[in-house]
Amino acid sequence: MSPASTQSACRTCGSPRLRLGLDLGLLPLANSFLPPQRAVDPTPEPRYPLRVFYCENCGLIQLRDIVDMREMYDDYAFLTATATTSLIHFDQYAEDMTRRLSLKSADLVVDIGSNDGTLLKAFRRRGTTVLGVEPARNLANQAMAEGVPTLNEYFGPDTVERIGTHGARLITANNVVSHVQDLNGFMESVSNTLASEGIFAFEVPWVVDVLRHYNFDIIYHEHLSYFGFKSLSDLLGRHDLELIDLQHFPLIHGGSFRGLAAHPRTFPRQSDTITRVFQDEKTGADFATLNEFAYRVHDIRRRLLELLQDLKRKGKKIVGYGAPAKATILLNYCSIDRSILDFVTDTTPLKQGRFVPGVRIPIVHPDEFRKAKADYALLLAWNFKDEILKKEQEYLRSGGQFIIPFPEPLILGQNSR
Ligand code: DWN
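Residues numbered from 1 in each chain as written. Predicted model: local features only at pLDDT ≥ 70, side-chain atom pairs only at ≥ 80, totals over all residues. Heavy atoms only, no water.

Student: Got a minute to help me understand the overall build of the protein chain in this structure?
Tutor: Within the protein chain, the regular secondary structure consists of 15 helices and 19 strands. In terms of overall size, the protein chain behaves like a compact globule, its C-alpha atoms giving a radius of gyration of 21 Å where 417 residues would be expected to give roughly 22 Å. Based on the C-alpha atoms only, the size of the protein chain along its principal axes is roughly 65 × 45 × 45 Å. Evaluated residue by residue, the protein chain yields a buried proportion of 57% over its 417 residues. Long-range contacts, defined here as pairs at least 24 residues apart, represent 70% of the contacts in the protein chain between residues at least 6 apart. Carbon and sulfur atoms make up 51% of the accessible area of the protein chain, which amounts to about 17000 Å² in all. (Helix = DSSP H or I, 4+ residues; strand = E, 2+ residues; numbered from the N terminus. Rg over C-alpha atoms; globule rule 2.2 N^0.38 Å. Buried < 20%, exposed > 50% of the residue type's maximum accessible area, 1.4 Å probe, protein only. Contact = heavy atoms within 4.5 Å. Areas by Shrake-Rupley, 256 points an atom, 1.4 Å probe, with all protein chains shown as cover.)

Right, here's the structure in full:
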């Protein structure tokens, strides 16, 4: 474990004018779920500062405390294919981009941060040539075992060499750009890999949605930047790329945009959409909004803990539903431990049997949820609320209730839907 380093200047524009907006304190790495033998070891797991800054020059909201990426990504616990919502989303993504670019079998689609290959399998079903770039060995091996060619490395100049300059008709990077420390180096490599008539498609949680819905649990050490598209557009422009379109997905990770970029003057630019989004960011992601967000974060923490402690005083049984990375932040920041949650369930096999770092709450198979018949379930995977409520109709009908943490703590049962 190497201590976090501290970034002195803005990650996109290089300005030193970074203003502290929110300090969440020392927190464990969100995806570092503990194996059983580690969970009984009293030695505390590593914790790192989690502080959010605002660049007064370009407006990028970002972390300055940088954890070594190898510590976070060489072995990775998150699998894309653990939610039906995601499978549907990425199949539609492949359909949209195949049609938009009239992709042919010889066209190469490169997915940066390809995880378990979910998106590339959808492109492969449509006949295109695919290649994943995935630094986590466990994920790259799983994707390759399922027939998805994958380079087990961090995307960069060496990858460009391997793929070939301007060799990719489509490059995708979904929930990746927020994780990148060297944004200028990353974008230069994307530009060099992208064919002259190619498109770079990337999804990121939109900073306006994060602040508007008070989703502070999305703030963790992997997410170095919380993007608005004005700062992203400026970044692309420094690397022979221009933003040509934006598509909003309000239900993906609390609200995400898919940005489409291309080499200048190769595709028509949807200026009205882009201008409208830039305008929303002027008021929806300025320092005053970040300040209001910080105030509401403290309020949500207080109200959520009070609600849970009140239910426990009444003898209620409460469990957690879903063990997303963001659960590590919510549970540790709000001091929600095993005195409140008996366990957390999760559909991801490699998370089951492990423990949420910091609070050390056990993660169990969803079958335990059915058996426990808890009075309440804290919905930690809140971004999949619709899918989960639909799946848990029986639990609701039998009187079970969900506690939804955002935008403010709310109890949701059969009669309160
Ligand atoms: O940016 C990132 C996003 C895209 O994915 C990464 N940094 C890490 C990861 O974040 P996350 O772990 O918060 O992602 P999810 O997709 O919100 O995680 C949902 C978790 O909930 C998964 O572990 C699966 C689980 N789940 C479940 O147990 N029952 C999900 C559903 C739908 C369910 O019914």
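Student: For this particular structure, what's the right way to read the site of the ligand?
Tutor: Contacts to the ligand come from 27 residues, most closely from Glu 222, Ala 325, Lys 326, Lys 351 and Lys 391. Contact between the ligand and Thr 348: an oxygen atom at 3.3 Å from a side-chain N or O atom of the residue. For the ligand, whose free accessible area comes to 710 Å², the fraction covered by protein is 96%. For the shell around the ligand, the elements supplying multiple residues, two or more each, are helix 12 (325-333) and helix 14 (385-391). Counting residues per element, the shell around the ligand draws most heavily on helix 14, at three residues. (Near = heavy atom within 4 Å. Polar contact = N/O pair within 3.5 Å; in protein donor to acceptor, adjacent residues only side chain to side chain.)

Student: Whenever I open this one, the environment of Val 176 confuses me. Can you help?
Tutor: With respect to the helices and strands, Val 176 occurs in the loop between strand 9 (168-174) and helix 7 (183-193). A residue is classified by how much of its surface remains accessible, and Val 176, at 12% relative accessible area, is buried. Residues Val 176 and Ala 381 lie 205 residues apart in sequence; the distance between their C-alpha atoms is 19 Å.

Student: Would you mind going over the environment of Leu 412 with me for this structure?
Tutor: Tracing the sequence through the fold places Leu 412 in strand 19 (residues 410-412). The class of Leu 412 is buried, set by a relative accessible area of 8%. Sequence spacing of Leu 412 and Gln 401 is eleven residues, and the spatial spacing of their C-alpha atoms is 5.6 Å.

Student: Mind showing me how you'd approach the sheet that holds strand 18 (residues 401-404) here?
Tutor: In a beta sheet, neighbouring strands pair by backbone hydrogen bonds and run either parallel or antiparallel. The strand order across the open sheet built from six strands is 16-15-14-17-18-19, with neighbouring strands paired in mixed fashion. Unpaired on one side and paired on the other, strand 16 (363-364) and strand 19 mark the two borders of the sheet. Of the strand pairs in this sheet, strand 15 (residues 344-345) and strand 16 are connected by two bridges, and their pairing is parallel. Bridged to Thr 345 within strand 16 is Val 364. Taken strand by strand, helix 11 (residues 287-313) contacts strand 14 (318-321), strand 17 (376-379), strand 18 and strand 19, and its axis lies near 155° from that of strand 18. (Pairing = 2+ DSSP bridges. Axes fitted to C-alpha atoms, helices over the stretch in contact; angles between N-to-C directions.)

Student: Would you mind going over the packing of aromatic side chains with me for this structure?
Tutor: Two measures describe an aromatic ring pair: the distance that separates the ring centres and the angle between the ring planes. Within the structure shown, the criterion is met by 15 aromatic pairs. Through pairs of rings, three or more aromatic residues link up here, namely Phe 200, Phe 202, Trp 206, Phe 229 and Phe 257. In this structure, Arg 64 packs its charged tip against the face of Phe 53, placed 4.9 Å from the ring centre. Across the ring face of Trp 382, the terminal group of Lys 326 is positioned such that the distance to the ring centre comes to 5.4 Å. (Phe/Tyr/Trp six-rings, centres within 6.5 Å; stacked < 30°, edge-to-face > 60°. Lys NZ or Arg CZ within 6 Å of the ring centre and 35° of its normal.)

Student: Would you explain the sheet that holds strand 12 (residues 242-249) in this entry?
Tutor: Spatially, the seven strands line up as an open sheet ordered 8-7-6-9-10-13-12, and their pairing is mixed. Of all strands in the sheet, those with a lone pairing partner are strand 8 (150-151) and strand 12, marking the two edges. Together, strand 6 (108-112), strand 9 and strand 10 (194-205) form the strand contacts of helix 7, whose direction differs from that of strand 10 by roughly 140°. The strands that helix 9 (residues 229-237) touches are strand 10, strand 12 and strand 13 (256-262); relative to strand 10, the one it contacts most, it runs at about 155°.

Student: I tried to follow the packing of helix 9 against helix 10 (residues 271-284) on my own but got confused; where do I start?
Tutor: Axis separation between helix 9 and helix 10 bottoms out at 8 Å; the angle between their running directions is 125°. Comparing their axes, helix 10 and helix 9 come out oblique. Where helix 9 approaches helix 10, its residues Phe 229, Lys 230 and Ser 233 are matched on the opposing element by Val 277, Phe 278 and Glu 281. (Parallel < 35°, antiparallel > 145°, perpendicular 65-115°, else oblique.)

Student: Just to check I follow, could you spell out the state of the cysteines for this structure?
Tutor: Structurally, a disulfide amounts to a covalent bond that connects the sulfur atoms of two cysteines. The full count for this structure, using the stated rule, is zero disulfides. For the unlinked cysteine Cys 58, the closest cysteine sulfur is that of Cys 10, found at 3.6 Å. (Disulfide = S-S within 2.5 Å.)

Student: It is not clear to me how the packing of helix 7 against helix 9 should be interpreted in this structure. Could you clarify?
Tutor: Angle between the axes and distance between the axes are the two parameters that describe a pair of packed helices. Here helix 7 crosses helix 9 at 60°, and the two axes come no closer than 9 Å. It follows that helix 7 is oblique to helix 9 by the angle criterion. Seen along the crossing, helix 7 lies across helix 9 with a hand that is right-handed. Each of Leu 183, Asn 184 and Met 187 in helix 7 lies in contact with helix 9, whose residues at this interface are Leu 232, Leu 235 and Leu 236. Looking at side-chain class alone, the contact of helix 7 with helix 9 contains five nonpolar, one polar and no charged residues. (Left-handed = near helix turned anticlockwise from the far one by under 90°. Nonpolar A, V, L, I, M, F, W, Y, C, P; charged D, E, K, R; others polar.)

Student: Explain the pairing of strand 14 to me, please; I cannot follow it from the model alone.
Tutor: Each regular strand shows side chains that alternate between the opposite faces of the sheet. By the alternation rule, side chains of strand 14 split into Ile 318 and Gly 320 and Val 319 and Tyr 321, which are all buried. Here strand 14 runs beside strand 17; their pairing, made up of four bridges, is parallel. Paired with Ile 318 across the strands is Tyr 376, a residue of strand 17. Where strand 14 lies against strand 15, two bridges are found, and the strand directions are parallel. Paired with Tyr 321 across the two strands is Thr 345, which belongs to strand 15. Handedness of the crossover is the feature at issue here: the chain leaves strand 14, passes through helix 12, returns alongside strand 15, and the resulting connection is right-handed. (Right-handed = clockwise from strand over helix to strand, strands pointing away.)

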